[in-house]
Amino acid sequence: MSRNAKAALCREHNKPVVVETVTVDPPKRGEATVRLGACGVCHSDLSAITGTIALPLPLVLGHEGAGIVEEVGEGVGGLAKGDHVIFSFIYMCGKCRFCVAGRPVLCLEQGKALTTPLEGTPRVRDARGAPLSIFSGCGAMAEYATVSAENLIRIDPKIPLDCAALVGCGVTTGVGAVFNTAKVQPGSSVAVFGCGGVGLSVVQGARIAGAERIIAIDTLQAKLDMAKKFGATETVLTEKEDVVKFLKKTTSGGPDYAFECVGSGELAGAAYRAIRRGGLAVVVGVAKPSDSTAVRTMTLPFEEKTLTGSYFGSCVPRVDFPRMLALYMAGRLKLEELITQRYPIDEAPRAFADMEAGKNARGVIVFQ
Ligand SMILES: NC(=O)c1ccc[n+]([C@@H]2O[C@H](COP(=O)([O-])OP(=O)(O)OC[C@H]3O[C@@H](n4cnc5c(N)ncnc54)[C@H](O)[C@@H]3O)[C@@H](O)[C@H]2O)c1
Ligand SMILES: [Zn+2]
Ligand SMILES: [Zn+2]
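Please read all numbers here as calculations on a predicted model, not as lab measurements.

Undergrad: If you had to explain empty space enclosed by the protein to someone new, which residues and values would you point to?
TA: Under the defined criterion, the tally for this structure stands at two cavities of 30 Å³ or more. What the largest cavity holds in volume is close to 40 Å³. Every residue lining the largest cavity is listed: V24, V60, V124, I134, C138, G139, A142, Y144, A145 and T146. Counting residues per element, the lining of the largest cavity draws most heavily on strand β10 (residues 144–148), which supplies three residues.

The following block contains the structure:
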């Protein structure tokens, strides 16, 4: 049975999102239809609107989703109607050397099932019957979504769906960058550039990992106030300070780790310059394709510094989503507190405007 669903779409680059009633087809083999409970608004959705992340339009936005399985297609094991699930926005073939080595974010088949389910044909159509792409195998900013079953991770139904949704991107990206990519050590010093949903998750990941000093950096004071609530020990308002200089001075030579959570080649360079000898700078933000980062080459041998990146917190969704939720259940990972505002799907355009204005830690679209 096809279902009508309100969905937030990007039809044209750099234009406000539009909310339309679309038709979501039932699942084919290996797929499932989910009734969404909540979908977070991530900066990467905005990057699809600006074209920084190039996906074909028109596009159903949303990849930070959680909901309840409504229908499963043939051949889907381990998932049944009524199961609560979080969306995962990466395709994992399960067979390539990276998947087999436990590094599915590097899957060689990445790019498959990107704008449709794996089978390759669209499941969503607009009112005129024209096919719509979905964001990174998800298209979760809609009342219903039909996706490949591999993109769904079953969770404990006790977890509120709005909190669960955040684990589908921002939280796992930020906390995973700390735990999996950087492996932050207890007692260390960490600088975090950008305190949106991702950066705040780095802040709290660093707190959980036992970092002694967590220095949060943003252009907005309100974001720095939020960062304090998630565990930042110090804050820097960038407009006011030369951040690299300040970091070097306050940590006697630079922090052990720096995380870029904005999406700027220049800030990635600043993160690298800031870290101490032998330190690690991790680029989490997704910069424009035209951006690049200059590194003074000599510092590589003489200072043994490392500049690396982190995609989706270098996570294994089936391992890391339950890990995040266990920390949440234990009261150590704040999810509820990350949700600044909830919006009905009709107000998706306002949710994006509020994110651009820097009003939210995370804005979340909630469904009836
Ligand atoms: N690597 C991944 O897998 C992954 C996953 C999700 C998101 N991302 C990317 O991470 C970035 C952050 O996402 P988000 O959802 O947290 O975004 P967001 O818009 O919620 O937050 C960005 C923050 O950066 C701050 N900022 C802007 N310019 C700054 C500057 N010059 N110096 C310091 N702070 C500055 C803003 O005030 C805001 O608080 C985006 O580029 C997004 O695409 C990457
Ligand atoms: Zn693979
Ligand atoms: Zn995201």
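On we go.
Undergrad: How would you sum up the coordination of the zinc ion (ligand 2)? Please name residues and give values.
TA: For a metal bound by four donors in a tetrahedral arrangement, the ideal donor-metal-donor angle is 109.5 degrees, while six donors in an octahedral arrangement ideally sit at 90 or 180 degrees. For the zinc ion (ligand 2), the full set of protein donor atoms is C93 (SG), C96 (SG), C99 (SG) and C107 (SG), at a range of 2.4 Å. In primary sequence terms, the donor set of the zinc ion (ligand 2) follows C-x2-C-x2-C-x7-C. Residue C96 is classed as buried on the basis of its relative accessible area, which comes to 11%.

Undergrad: Lay out the nonpolar core with the relevant residues and their values.
TA: Among the nonpolar cores identified, the biggest contains 116 residues, and L61 and F259 are the most heavily contacted of them. It is helix α5 (residues 197–209) that provides the largest number of residues to this core, a total of seven residues. Discounting chain neighbours no more than four positions away, the residues touching L61 are A8, L9, C10, V17, D45, A48, I49, F135, G139, A140, M141 and F352. Counting residues in each nonpolar core, the second largest holds 15 residues, with I217, V244, A271 and Y272 among its members.

Undergrad: I'd like a description of the environment of D256, backed by residues and values.
TA: By the secondary structure assignment, D256 is in the loop between α7 (243–250) and β15 (257–260). Since its relative accessible area comes to 17%, D256 is described here as buried. Distance in space between the C-alpha atoms of D256 and V19 is 45 Å, their sequence separation being 237 residues. Dropping the residues within four chain positions of it, D256 is found in contact with S188, S189, I275, R276, G279 and L280.

Undergrad: Residue-level account of unusual backbone geometry, with values.
TA: Note that the residue after L57, namely P58, is joined by a cis bond; omega there is -5°. Look at K183: it is not a glycine, yet its phi comes out positive at around 50°. In this fold, K183 is placed in the loop between α4 (170–182) and β12 (189–193). For K183, a relative accessible area of 52% puts it in the exposed group. For S314, which is not a glycine, the phi torsion comes out positive at approximately 45°. By the element assignment, S314 lies in the loop between β17 (306–309) and α10 (317–329).

Undergrad: Please give an account of the sheet that holds β12 that cites residues and values.
TA: Taken in spatial order, the six strands make up an open sheet running β14-β13-β12-β15-β16-β17, and their pairing is parallel. Each edge of the open sheet is held by one strand with a lone partner, namely β14 (234–237) and β17. On average, adjacent strands in this sheet sit at an angle of 15° to one another, irrespective of strand direction. Two strands pair when backbone bridges link them, and strand β13 (residues 213–218) and β14 are joined in this way by four bridges, in the parallel orientation. Bridging across to β14, I217 finds its partner in V236. Each of β12, β13 and β14 touches α7; the most contacted strand, β13, lies at about 170° to it.

Undergrad: Now, about the coordination of the zinc ion (ligand 3): what can you tell me, with residues and values included?
TA: Coordination of the zinc ion (ligand 3) by the protein is provided by C42 (SG), H63 (NE2) and C169 (SG), with metal-donor distances spanning 2.0 to 2.3 Å. Along the chain, the residues donating to the zinc ion (ligand 3) are arranged with the sequence spacing C-x20-H-x105-C. One end of the pair, C42, is in the loop between β3 (31–40) and α1 (43–50); the other, H63, is in the loop between β4 (59–60) and β5 (64–72), and 21 residues separate them in sequence. By the burial criterion, C42 is buried, and H63 matches it.

Basis of the calculations
- Residues numbered from 1 in each chain as written.
- Chains lettered and ligands numbered in written order.
- Predicted model: local features only at pLDDT ≥ 70, side-chain atom pairs only at ≥ 80, totals over all residues.
- Heavy atoms only, no water.
- 1 Å grid on protein atoms, 1.4 Å probe; cavity = no way out; pocket = protein on both sides within 12 Å on 5 of 7 lines; lining within 4 Å.
- Points joined across faces, edges and corners; volume = space filled by probe spheres on them.
- Helix = DSSP H or I, 4+ residues; strand = E, 2+ residues; numbered from the N terminus.
- Donors = N, O, S within 2.8 Å, 3.2 Å for Na, K, Ca; no water.
- Buried < 20%, exposed > 50% of the residue type's maximum accessible area, 1.4 Å probe, protein only.
- Core = buried A, V, L, I, M, F, W, Y, C linked by side-chain atoms within 4.5 Å.
- Contact = heavy atoms within 4.5 Å.
- Pairing = 2+ DSSP bridges.
- Axes fitted to C-alpha atoms, helices over the stretch in contact; angles between N-to-C directions.

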